[in-house]
Amino acid sequence: MAEVLVYVDHVDGAVRKPTLELLTLARRIGEPVAVHLGAGVDTAAPVLAEHGAVKVLAADAPEFADYLVAPKVDALQAAYDAVSPAAVLLPSSAEGKEIGARLAVRIGSGIITDAVDVEAGDEGPVATQSVFAASYTTKSRITKGTPVITVKPNSAAPEAAPAAGAVEQLAVTVADASKGTKIVSRTPRESTGRPELTEAAIVVSGGRGVNGAENFPVIEALADSLGAAVGASRAAVDAGWYPHTNQVGQTGKSVSPQLYIAAGISGAIQHRAGMQTSKTIVAINKDAEAPIFDLVDYGVVGDLFDVVPALTDEVKSRKG
Amino acid sequence: MSLRIVVCVKYVPDATGDRHFAEDLTVDRDDVDGLLSELDEYAVEQALQIKEANDGEAEITVLTVGPEDATDALRKALSMGADKAVHVEDDDLHGTDALGTSLVLAKAIEKTGYDVVVCGMASTDGTMGVLPALLAERLGVPQATQLSQVAVADGKVTGRRDGDTASEQLEAALPAVVSVTDQSGEARYPSFKGIMAAKKKPLETLDLDDLDIEADEVGLEGAWTKVESADERPARTKGTIVTDEGEGAKQLAEFLAGQKFI
């Protein structure tokens, strides 16, 4: 069976959930071979094997941390040369897309980004995408070279499928040309203890109706009761009420959780573009005419400062 | 020597319009007005600020690949303050995908000459966000991408890249490809004077011959990807909407419990 390269997104060996989703999708089109770059492969390998990796190609070099993107492209290309895969899958993060793009140029292949599903087709893998603010669903395939596909988080439920997952060292030579962009310093983002926005199964977002940074704890409390990530509309971010890293929308992050709760968000196209593929959508807004209500599975016309805290209490009491 | 800045911009269908696909599954450009991609306005703004920070010792060229109407996007950038424009237009470009576009842009950039290429973080239509990386790879120069803060001085570019898990400070020697986010700084509005001046600024049009690109390397036929189907998403079935009269939270909790979220 053909091998499929899966680029592993991890933090020091802690494999992030989108990679497990990639492994699940990869098994539909071949045998997943995971590519783990950087430290922590001993921690990552059993998790990757548990989710179907027949092999884990590992490389660690200081260049991966010292320079932006390009050294990782060198490494992925080395894995590509070693395996001759039927496809290469990467997570649709900013970095995943950039690595995939550069690899595609090098190997003369097409690239599809932001797939929400991948399946086997007669002429190679077929990727489903959701475009134009989710008003269209397209199916595409790559016609030249080895398909390089980046996949959005929450595109598949990770399934266990134990495989050998033996670790093999991958020899990587980082080209001088790949040391062009130096990472001078790195400041880790302070952990909020909440799930990462793009990966979360539930997202609770606040918008203009939250009416001030001092009121965002109302949104955070509901999020915490549900184990959810916190999002914010562009209006709330532009007003300085919440960090840009939490912005959901066309110019922020695109999310596709199982449940999306929008509180005090009117639902401008900018915002809808970033959340419209959410499976279940709930809105709480004072304005019964707000466009967000056109999208919802359940909407409450009411003051978020009444409804959200009361909902938080309900959730807590039901969860006991 | 004065700094040569090339800003890549895209003419996109207005996202507030009713966007759809044409019969050949390319974007239908006839039914929706086009405009300069909002995220590219940030790139133009940063180019202008780089020029100002270098005491005006820079020349800003805005570059686009697109249909005839795409000159609108170039004019907007010129009216913001860019110095000249290059428009790559050719019938054979219809249906070109990201890889093809990066090939055309790279050739046009090399022809124009550059020290810094500035791009937006993504287009507002395709939203792929891969073009700056594709360009860096094709041009063989460093990429300093997704910057929320950028400066060019002393032959190098420095900037801040805010990622999911960390914020990084980057540094690359010129020439380099830069992309900027919507956090890099609000884009200026063109002044009346700027709009008038833009009409007199040079706008060069190039075709595939000018760039030594064969027709079969680009366009729908030459694309590395193929859209096989595009289906309009069925309208969402009208959800339940209740008005809160004291019971709203309870009703919502019932719904969430019914969906197994609680």
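Residues numbered from 1 in each chain as written. Chains lettered and ligands numbered in written order. Predicted model: local features only at pLDDT ≥ 70, side-chain atom pairs only at ≥ 80, totals over all residues. Heavy atoms only, no water.

Undergrad: Explain the overall build of chain B to me, and be specific about the residues and the numbers.
TA: Scanning chain B for helices and strands turns up seven helices and 13 strands. Its C-alpha atoms give chain B principal-axis dimensions of roughly 70 × 40 × 40 Å. The buried share of chain B, reckoned over its 262 residues, is 52%. A sequence separation of at least 24 residues applies to 71% of the contacts in chain B between residues at least 6 apart. Total accessible area on chain B is roughly 11800 Å²; 45% of this is exposed by carbon and sulfur atoms. Each charge sign in chain B was given a centre, from 25 positive and 52 negative side chains, and these centres are 5 Å apart. (Helix = DSSP H or I, 4+ residues; strand = E, 2+ residues; numbered from the N terminus. Buried < 20%, exposed > 50% of the residue type's maximum accessible area, 1.4 Å probe, protein only. Contact = heavy atoms within 4.5 Å. Areas by Shrake-Rupley, 256 points an atom, 1.4 Å probe, with all protein chains shown as cover. Lys, Arg positive; Asp, Glu negative; His and termini not counted. Charge placed at Lys NZ, Arg CZ, Asp CG, Glu CD.)

Undergrad: Provide a residue-level description of the overall build of chain A, including the pertinent values.
TA: The number of helices and strands found in chain A is nine helices and 17 strands. Over its C-alpha trace chain A gives a radius of gyration of 21 Å, about what one expects of a compact globule, namely 20 Å for 320 residues. Here the C-alpha coordinates of chain A stretch approximately 60 × 45 × 40 Å along the principal axes. Counting the 320 residues in chain A, one finds 61% classified as buried. Pairs at least 24 apart in sequence give 64% of the contacts found in chain A among residues at least 6 apart. For chain A, the exposed area adds up to about 11300 Å²; of that, 48% sits on carbon and sulfur atoms. (Rg over C-alpha atoms; globule rule 2.2 N^0.38 Å.)

Undergrad: An account of the interface of chain B and chain A is needed here, citing residue identities and associated values.
TA: In this assembly, 76 residues from chain B lie in contact with 85 residues from chain A. Carbon and sulfur atoms supply 56% of the area buried between chain B and chain A, which totals about 7000 Å² over both sides. If you look at where chain B meets chain A, you find eight salt bridges. In this structure, Arg186(A) and Glu168(B) form a salt bridge, with 3.1 Å as the shortest nitrogen-oxygen distance. (Buried area = accessible area lost by both parts, 1.4 Å probe. Salt bridge = Lys/Arg side-chain N within 4 Å of Asp/Glu carboxyl O.)

Undergrad: Now, about the side chain of Asp97(B): what can you tell me, with residues and values included?
TA: Mapped onto the elements, Asp97(B) comes out in the loop between strand E5 (84–88) and helix H3 (98–112). With no salt bridge to any partner, buried Asp97(B) finds its closest opposite charge in Lys144(A), at an N-O distance of 7.3 Å. Residues in contact with Asp97(B), not counting those within four places in the same chain, are Ala223(B), Trp224(B) and Thr225(B).

Undergrad: How would you sum up helix H9 (residues 304–319) of chain A? Please name residues and give values.
TA: When the terminal C-alpha atoms of H9(A) are compared, their 22 Å separation across 16 residues agrees well with the 22 Å that a helix rising 1.5 Å per residue should span. When H9(A) is considered as a whole, its buried residues turn out to be Leu304(A), Val307(A), Val308(A), Leu311(A), Thr312(A), Glu314(A) and Val315(A). Looking straight down H9(A), one finds its buried side chains confined to an arc of 165°; they lie on one side. Residues of H9(A) that are exposed and point over 90 degrees away from its buried face: Asp313(A), Lys316(A) and Ser317(A). Where H9(A) is buried, its residues contact helix H6 (216–226), strand E15 (259–263), strand E16 (280–285) and strand E17 (298–301) of chain A together with helix H7 (248–258) of chain B. Looking at where H9(A) begins, the residue whose side-chain oxygen comes 2.8 Å from the main-chain nitrogen of Phe305(A) is Asp303(A). Phi turns positive one or two residues past the end of H9(A), at Gly320(A), with a value near 65°. (Expected span 1.5 Å × (residues − 1). Arc of directions from axis to C-beta. Polar contact = N/O pair within 3.5 Å; in protein donor to acceptor, adjacent residues only side chain to side chain.)

Undergrad: Explain the packing of aromatic side chains residue by residue, including any values.
TA: What the rule picks out here adds up to five aromatic pairs over all chains. Residues Tyr136(A) and Phe21(B) carry aromatic rings whose centres are separated by 5.0 Å and whose planes lie at 75° to one another, so their mutual orientation is edge-to-face. Linking Tyr136(A) in strand E9 (residues 136–142) with Phe21(B) in the loop between strand E2 (11–13) and strand E3 (34–36), this pair reaches from one chain into another. On the basis of relative accessibility, which here comes to 7%, the residue Tyr136(A) falls in the buried class. Phe21(B) gets classed as buried once you look at its relative accessible area, which sits at 17%. Consider the rings of Phe216(A) and Tyr242(A), whose centres lie 4.4 Å apart with planes at 25°: the pair is stacked. Residue Phe216(A) is found in helix H6, and its partner Tyr242(A) is found in the loop between helix H7 (234–238) and E15; the two are separated by 26 residues along the sequence. Judged by relative accessible area, which is 1%, Phe216(A) ranks as buried. For Tyr242(A), a relative accessible area of 12% puts it in the buried group. An aromatic cluster is built from Phe132(A), Tyr136(A) and Phe21(B), whose rings are joined through pairwise contacts. (Phe/Tyr/Trp six-rings, centres within 6.5 Å; stacked < 30°, edge-to-face > 60°.)

Just distances and angles here, no functional claims.
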